[in-house]
Amino acid sequence: MGRFRFDLLLLLLAVHWGPALSDLVISKLDRRIDLTSQIVRMTISLKVENKGPDPVSKVSLTFPEHQANNLALLVAVSTEGKGKTRGPTTNLPIKINQPDDSPPSLIWYAAILPKELVKGESLTIDVLAVFTHTLRAFPEKITQSEPQLFLFQESAHFPSPYKVKSQSMTVKIPSENIESYTKLENTKFSNSEIKYGPYENLPPFSYSPVIIHFPSNKPFAVAQELIREIEISHWGNVQVTEHYTVIHGGAKSTGEFSRLDFQTRPHVRGASAFRNLLAMLPPRAHSIYYRDAIGNISTSNIYGDSSKTLLEIEPRYPMFGGWKTSFTIGYGLPLQDFLFQSEGTRFLNITFGSPMNDILVENLTVKVVLPEGSKDISVSVPFPVKQSQETKFSHLDIAGRPTIVVEKINVVPEHNQYFQVHYKFSNISLLTEPLMLIFGFFSLFVACIIYMHADFTISKSSASYLAKLQWDEVLGTIQLLQDIINRCLLVHDKLEASLRDLSRTGDVQACKAVRKAADNLLKDLSKESKPLLSLLQSSPQAAHIFPKVEELVVKERDLQEKIMLKHTMVVDSYEKKSGGRDIENRVASIQQKITVLKQEVDDLVEFVEDI
């Protein structure tokens, strides 16, 4: 039904537009369609003659809407004369020229001639039309071991709005293997080419449907998104970083994947998959890397000569239909090979598209990051694109680096042409970052010098400084008292030791001598502690800790008295020749009090040490 409607549409157009465009006649039209990759390339060579009285300034080209929607590139060149009189070729501007009363299912393009074609003159025009997403996988899903098959639909007659005296079409497929193809009059299949025609005296908008079903295991690599960032450094380098999101755009893989089968028979059990991609980089590319979200990928190879650098990359897994991967490649380029200067203006001259062979890019974003301070920026691209500008901030940037953003959809290898970014830049701006570094280090050194020589102490007349001095005095006093207490405790230990020696040797005089020395020492320590206690009592800073310190002193004196009492009782008992058990019974109650006091004194000493 769809074909019938399109045939009917072309018939109505032929009736309606035939007389209006009858001044031009195509004496010969040859089409060649290349189906050897996922990108369909159609070359059309047509010889146009003006049979009418009026001069003609344009030649119309028409494509069905389903083809025009997938048209990635359309270029035309003209040549005057033939044979030895054949003149130079001229690029023809092409624009959409849709008539008001033309149906939307047929898209019109106009190739503007370099000069008007008068009556009786002829002109040869060569047209290149590149289509994407034209081949349809049939079946749409296959297993690991099945080959890919594709359907291609076309008309054996080019739907030209002019009468065609003679035309032919040649379709080239990847190999001699073919499932089926439409057989018309004058159809010939030889090697890997199918030729239709020649067909003579065809009316305008002639249409003859053709369907070709053929196998193809060529890589159907589709970059759903590619972001190219080209960063210019006037210190001698152009850094290129490319972020890819790639999917296999062929027949989707179904069923289980067996890596063992793939490894043992990759050309049979993985014929539809592709394992690597090849990027053709400029000849002096350096610092090349290839990584994905996990990290660096070592399965890559680089080959180079004086004219090019080839980067062969291999994803972490073979790419079957519908499988997706993301990765990044980056490389540096010598600045002098791509940045030039003319009449005070600098311009970058670099290729636009992906450096990978036969990859289709659905959404391409090219970002050109210019040095900070660039101005009067303009972009020259040889085909229509969407342009915008943003700012990127990097290290040592103040105002940021102006960034030109160029976007295009449906990008094919033919778009990998040179484009230019013009801008003005002062050489003085090159000194900005080095001067910033010098000033930064100088400021750091000056700050260090000031810090080492300046007095940052708090003013000696301020309340906080005085409070700090008072608190330091309190801490010092407590430390002195703690030393006195510790010395007293050592004296206590010596008295206890003298009693143990008395029980062992019975030497009363030696024990009395230790007692006498201890009495003198304890008296001296008591005198030393009195002014310290008075100082703490009078200091407001010590109000919260003085009670504990005072309690410590009182407990120590109680302990001192009990130990002296015990010492006296034991010595007296030895002088009276009392028995050992008798002595223990007399001092038992005092010993209990001494044990309790020692524990209390130890706890208070620990508290004071924490202060």
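Shown above is the structure to which this text applies.
Quick look at the structure, then. (Residues numbered from 1 in each chain as written. Predicted model: local features only at pLDDT ≥ 70, side-chain atom pairs only at ≥ 80, totals over all residues. Heavy atoms only, no water.)

### Details of the sheet that holds strand β20 (residues 277-281)
The 3 strands are arranged β20-β23-β22 in an open sheet whose pairing can be described as antiparallel. With one partner strand each, in any of the chains shown, β20 and β22 (300-304) form the two edges of the open sheet. With direction set aside, neighbouring strand axes in the sheet form an average angle of 20 degrees. When β20 meets strand β23 (residues 309-313), the two strands line up antiparallel, connected through 5 bridges. (Pairing = 2+ DSSP bridges. Helix = DSSP H or I, 4+ residues; strand = E, 2+ residues; numbered from the N terminus. Axes fitted to C-alpha atoms, helices over the stretch in contact; angles between N-to-C directions.)

### Some words on the packing of helix α6 (residues 463-505) against helix α8 (residues 546-575)
Where α6 contacts α8, the two axes come as close as 11 Å, and the packing angle between them is 15 degrees. Taken together, the axis directions place α6 and α8 in an arrangement best described as roughly parallel. Crossing geometry of α6 relative to α8 is assigned as left-handed. Here the contact of α6 with α8 is composed, by residue class, of 16 nonpolar, 5 polar and 3 charged. (Parallel < 35°, antiparallel > 145°, perpendicular 65-115°, else oblique. Left-handed = near helix turned anticlockwise from the far one by under 90°. Nonpolar A, V, L, I, M, F, W, Y, C, P; charged D, E, K, R; others polar.)

### Side note on the environment of Leu475
Considering the arrangement of structural elements, one finds Leu475 in helix α6. The sequence separation of Leu475 and Leu536 amounts to 61 residues, and the corresponding C-alpha distance is 9.7 Å.

### Thoughts on α8
For α8, spanning 30 residues, the distance from its first C-alpha to its last is 44 Å, which sits close to the expected 44 Å at 1.5 Å a residue. Two residues or fewer after α8 comes Lys577, characterised by a positive phi angle close to 65 degrees. (Expected span 1.5 Å × (residues − 1).)

### Focus: the pattern of salt bridges
For the structure shown, the criterion picks out 21 salt bridges. In this structure, Glu193 engages Arg32 in a salt bridge whose closest nitrogen and oxygen atoms are separated by 2.3 Å. Within this pair, whereas Glu193 is found in strand β15 (residues 193-202), its partner Arg32 is found in strand β1 (residues 24-34), the two being separated by 161 residues in sequence. Assessed through its relative accessible area of 27%, Glu193 is described here as partly exposed. Here Arg32 falls in the partly exposed class, since its relative accessible area comes to 37%. As a salt-bridge pair, Glu528 and Arg487 come within 3.6 Å of each other at their nearest N and O atoms. With Glu528 in helix α7 (residues 508-538) and Arg487 in helix α6, the pair connects residues that are 41 residues apart, well separated along the chain. Classification of Glu528 as partly exposed rests on a relative accessible area of 37%. Linked through salt bridges whose partners overlap, the residues forming this network are Glu229, Glu231, Lys392 and Arg401. (Salt bridge = Lys/Arg side-chain N within 4 Å of Asp/Glu carboxyl O. Buried < 20%, exposed > 50% of the residue type's maximum accessible area, 1.4 Å probe, protein only.)

### A few points about the layout of surface pockets
The space that makes up the largest pocket amounts to roughly 520 Å³. Forming the boundary of the largest pocket are 20 residues, of which Ala72, Leu73, Leu74, Phe383 and Pro384 lie nearest the centre. Those elements that place two or more of their residues in the lining of the largest pocket are β4 (71-79), β6 (94-96) and β30 (401-411). The biggest single contributor to the lining of the largest pocket is β4, with 5 residues. Here the lining of the largest pocket is composed, by residue class, of 15 nonpolar, 3 polar and 2 charged. (1 Å grid on protein atoms, 1.4 Å probe; cavity = no way out; pocket = protein on both sides within 12 Å on 5 of 7 lines; lining within 4 Å. Points joined across faces, edges and corners; volume = space filled by probe spheres on them.)

### A look at the sheet that holds strand β26 (residues 345-351)
Pairing in this open sheet of 4 strands is antiparallel, and the strands run β25-β26-β31-β28 from one edge to the other. The open sheet is flanked by β25 (339-342) and β28 (375-380), the only strands paired with a single partner. Within this sheet the neighbouring strands show an average axis-to-axis angle of 20 degrees, counted without direction. Taken together, the 4 bridges between β28 and strand β31 (residues 418-424) define a ladder with antiparallel strand orientation. Along β31, the bridge assignment pairs Ser380 with Gln420.

### Side note on the environment of Lys516
Tracing the chain through its elements places Lys516 in helix α7. For Lys516 and Ile302, which are 214 residues apart along the polypeptide, the C-alpha to C-alpha distance reads 99 Å.

### As for the pairing of strand β2 (residues 40-50)
The element β2 is largely enclosed, with a buried count of 8 among its 11 residues. In this structure, the hairpin formed by β1 and β2 is closed by a connection of 5 residues. In this structure, β2 lies alongside strand β8 (residues 122-131), joined through 10 bridges in antiparallel fashion. When the sheet's bridge partners are listed, Val48 is paired in β8 with Leu123.

### Thoughts on unusual backbone geometry
A cis amide bond links Phe138 to the next residue, Pro139, at an omega of 10 degrees. Secondary-structure assignment places Pro139 in the loop between β9 (136-137) and β10 (141-142). For Ser287, which is not glycine, the phi torsion reads 50 degrees and is therefore positive. Assignment of secondary structure puts Ser287 in strand β21 (residues 286-291).

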